[in-house]
Amino acid sequence: MSRALRAFAALVATGALALVPLTRPAAADPGEPWRDPGKPAPARADALLAVLTQDEKLAAAVGDLAPLARHGVPLLNSKDGPSGIGLPGTTAFPSSQALAATFDTGDATAVGAAIARELRGKGRNVWLGPAVDIARTPLAGRQPENLGEDPYLAGELAAAESAAAKAEHVIVTAKHYTGNNQEYYRTGVITPAGRTGGINTVVSERALKEIYERPFTPIVTRGGADAVMCSYNQVNGLQACQNKKLLDDLKKQFGGIVTPDFGQAVRDQAAAANAGVDLPQYDQGSGGRTKDIFTSGAVPQARLDDIVRRTLFAIFNSGVYDNPVGPGADVVSTPEHRELATKVATDSTVLLKNRARTLPLDHPRSIAVIGPSGSDALYTNGGSAAVPTTVGGDVTPLAGIRARAGVTVTAAQGSAGDVPAVTPIPGDVLTTTDSSGARVAGVTATYWNNPDFTGNPALTRTDASPGVNGTPAGVTSPYSARWTGTLTPPETGLYRITMLGRGIASLYLGGKRIATGYREGASFLAGPQYPIQGTIRLTAGKPIDLRVDYAANLGRPGLSLAWQTPSQTQIPAAVEAARTADVAVVFANSAAGEGMDHSSLSLQGDQNELIEAVAKVNRRTVVVLNTGGPVLMPWLDKVDAVIQAWYPGQQFGTALAAVLFGDTDPGGRLPVTFPATDGQGPAAAGGARTYPGVIDSTTNAQSYAEGIYVGYRWYDKTGQKPLFPFGHGLSYSTFRYDSDVSGSFSDTTTALDAIAGQAKVNVTNTGPRAGSTTVQVYVGHLRTTVDTPARQLAGVATLRLKPGENRQISIPISTRSLSYFDEKHHAWRTPCGRVPIYIGSSSADTRLAGWITCKTR
Ligand code: BGC
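Not measured: the values here are computed from a predicted model. (Residues numbered from 1 in each chain as written. Predicted model: local features only at pLDDT ≥ 70, side-chain atom pairs only at ≥ 80, totals over all residues. Heavy atoms only, no water.)

**Focus: the overall build of the chain**
- Within the chain, the regular secondary structure consists of 18 helices and 39 strands.
- Computed over C-alpha atoms, the radius of gyration of the chain comes to 28 Å, within 12% of the 29 Å expected from 2.2 N^0.38 for 857 residues, which places it in the range of a compact globule.
- Summarising its shape, the C-alpha atoms of the chain cover approximately 90 × 80 × 75 Å along the three principal directions.
- For the chain, the residues scored as buried account for 63% of the 857 residues in total. (Helix = DSSP H or I, 4+ residues; strand = E, 2+ residues; numbered from the N terminus. Rg over C-alpha atoms; globule rule 2.2 N^0.38 Å. Buried < 20%, exposed > 50% of the residue type's maximum accessible area, 1.4 Å probe, protein only.)

**Topic: the state of the cysteines**
- Under the counting rule described, the total for this entry stands at one disulfide.
- Across the disulfide, C230 is cross-linked to C241 (sulfur-sulfur distance 2.1 Å). In this structure, the disulfide formed by C230 and C241 twists by about 115° around the S-S bond and is classed as right-handed. In this pair, C230 is assigned in strand β7 (residues 227–230) and C241 in the loop between β9 (238–239) and α9 (244–251), connecting sequence segments eleven residues apart. (Disulfide = S-S within 2.5 Å.)

**Notes on the site of the ligand**
- Looking at the ligand, the residues that line it are D80, L128, R142, K175, H176, R186, M229, Y232, D261, F262, S384 and E594.
- Note that an oxygen atom of the ligand is positioned 2.9 Å from one of the side-chain N or O atoms of Y232.
- At 2.5 Å from an oxygen atom of the ligand is found a side-chain nitrogen or oxygen belonging to D261.
- Within the complex, 91% of the 310 Å² of free accessible area of the ligand lies under protein.
- When atoms are counted within 2 Å of each cavity's grid points, the one that captures over half of the ligand is the largest pocket.
- A class-by-class count of the residues in the shell around the ligand yields four nonpolar, two polar and six charged. (Near = heavy atom within 4 Å. Polar contact = N/O pair within 3.5 Å; in protein donor to acceptor, adjacent residues only side chain to side chain. Areas by Shrake-Rupley, 256 points an atom, 1.4 Å probe, with all protein chains shown as cover. 1 Å grid on protein atoms, 1.4 Å probe; cavity = no way out; pocket = protein on both sides within 12 Å on 5 of 7 lines; lining within 4 Å. Sits in = over half its atoms within 2 Å of the grid points. Nonpolar A, V, L, I, M, F, W, Y, C, P; charged D, E, K, R; others polar.)

**What about the sheet that holds strand β35 (residues 806–814)?**
- With respect to topology, three strands assemble into an open sheet ordered β30-β32-β35, the strand pairing being antiparallel. The open sheet has two free edges, formed respectively by β30 (735–740) and β35, since each of these has just one partner strand. In this sheet, adjacent strand axes meet at a mean angle of 30° when their direction is disregarded.
- Alignment of strand β32 (residues 755–765) against β35, held across nine bridges, turns out to be antiparallel. From the neighbouring strand, Q758 faces β35, where its bridge partner is P812. (Pairing = 2+ DSSP bridges. Axes fitted to C-alpha atoms, helices over the stretch in contact; angles between N-to-C directions.)

**Some points on the nonpolar core**
- W127, L147, Y212, V228 and L793 are the most contacted members of the largest nonpolar core, which totals 65 residues.
- Here the element with the most residues in this core is helix α6 (residues 151–166); it accounts for seven residues.
- Leaving out residues up to four positions away in the same chain, L793 has contacts with F103, D150, Y152, L153, Y712, F726, Q776, V777 and Y778.
- Counting 37 residues, the second largest nonpolar core, distinct from the first, contains A61, L68, F294 and F313. (Core = buried A, V, L, I, M, F, W, Y, C linked by side-chain atoms within 4.5 Å. Contact = heavy atoms within 4.5 Å.)

**Side note on helix α3 (residues 54–61)**
- α3 sits mainly inside the fold: six of its eight residues count as buried.
- Within α3, the full set of buried residues consists of E56, K57, L58, A59, A60 and A61.
- Residues of α3 that are buried in the fold lie against α2 (41–51), α11 (292–295) and α12 (301–317).

Here you go:
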């Protein structure tokens, strides 16, 4: 050691010199009270605001926090997302919808903490999560990123995640506020006159309060989130981020910031700032906001001060001021986090059907694993919430089953799943008539200089096949294109045809639409590709009319088609593998995520055909649905067991094998209703008006005509019988519930989130195995002439019990769960009288009933 270094070490040893990380704020100076971690966050924010110069305030208000570094204020660096940090070296946890299927705030707490630790480990201090956009339609592409259809469940789980993440000192950003329940038209479309507003969600005040805004309350109160992201869409005619009433209602509840979704959420910067948008964008971006909105007086000084105060408050209150992040490490995933990912995946696995105890597998002699079960299995959704896995690798289902089975496991692809086909449709199967009337190879392409296929075409020509890359010469964007011609199939059998691109595309064969979809890209940022698929049986040599319509109204146009011909099918080989195996485990998937919606709940491509074909030859067929949310199951009666695995994160294989072989009970329950048909559910009820909405020169809206009747509330009200109800999920064991659910409380409309009563339940595991049960408490019709739902989830408890074990639990019921929003007086009301309470294991199952009585004070 050199002399200088020895002297330095001696100073450190005597305490004369303290080693302080360079980025840490200096110790509190009485003249700089905001540096004192012992002072409350609001006082620190006020103290610092009082000494900032006008230039510093203006810089902060346009997202530039660098000038505030001299006061110890850190830069804010954000990262998505809800089920893991979207950077290499992190852990891919199960999707949020899977987390919701655990019904377990303990799991949510553990995941929130782990995600925040990995975020900080990566040198970031702002978490873009959790997401609580209510699952209004199962077609919504981002459904897997969110926490289901029930606002109570979503709010409780997100609040738990938020509180745990905040304890690790990050700014939690709950999203997307609000009425953001689909991808279709979310940022509007490009017309010749410019971009329209985001889809206008036309929704009642009551539905906003009881359904869409409701989860945000526990997140910003009990969960302590310091930020909320306002969404891309409009709400009742105003961009959500420019809707003062909407933002005021939220900001009354917490001292933190509102920040807009990245990109198209703000159309008028001054309007957004005046409505309540604080920080214009994270990561030192201005989001298009400039200082002149303040200097011109368009946004008053008081609001500028408020913006800066709230921003500082969030920085102090979250702990990111006192706990600066380091530069970030390559690898932040840990064995503990991966173990947690496995636990949450088993806790979220829903056993939908189990005929004659097919599962758990009991010493099968051989297993055929069929379908996309290798590296083509989907562990994460697409878009900003996708999580790359590079640490510990993702355990594929096939690898997980092989590692656990101890018997012969044969793998057969069977179907490529929900992926694009790879063979371009060859030009020699397409013919059309050219402008001279001659029959020629190819298709007739017609292009219009508008996205609506209207007026005189800008260009008509013969193209070799349908599809386009960019904007053809002589055409202006946004445009629409139509390709027509005759397809003469080279073979007889099932064809799978896929389209990949950006915009809205539909494929018609023989006048029948066989595929349609909205895509903001072939994939969006990261994760799986988003094909638009269709299947059709064709006869060799029998010509059929073909038409492809393409509206290139989302920017950067492009569309390509490909197909899988009958001779390319992999079903026969899979059937052979299934025929000789003791058990067939068939995987089916569905790609979903940001920037796309589904146009049907049907499994895409040839997956239904594969399942049917396997079930015909194997007497123990288990289907594993590797989908973000509900799908239709036309083969349900023909298979023996069905597992809903969601997007289960990188530990997919380990978790699934544990459930299949009974090492763990399947802990998941459905956080969304599974419809029996595409026509069921609230959003499907009114045609395009209720989903996906209508965008034309006069309308730009979708009606939430169902009001508060979302999810199971709708099924109860209309009597529609779903395929599987909300809350459903089987255990390998059986449970008995006994209870005492009577209670009384007084009229306490001022303390809506206070506990009004308890449902006491005695639960016994009556089966031969350890297992889990999710006790669900529903409140019935309230005592009022106002229409209220037949059942609303008001409390849950997940119990894991050994055989014979018995436990007594008390499930609290809040006053809010016994209240409705009175639109006439714009206030919550708690009607007095006896309210029925139902206890069961799904929204359609009542095992016990009782009353809770409200007495007027
Ligand atoms: C998404 C947000 C996300 C943001 C940043 C947006 O397109 O809607 O959820 O946090 O991108 O990645």
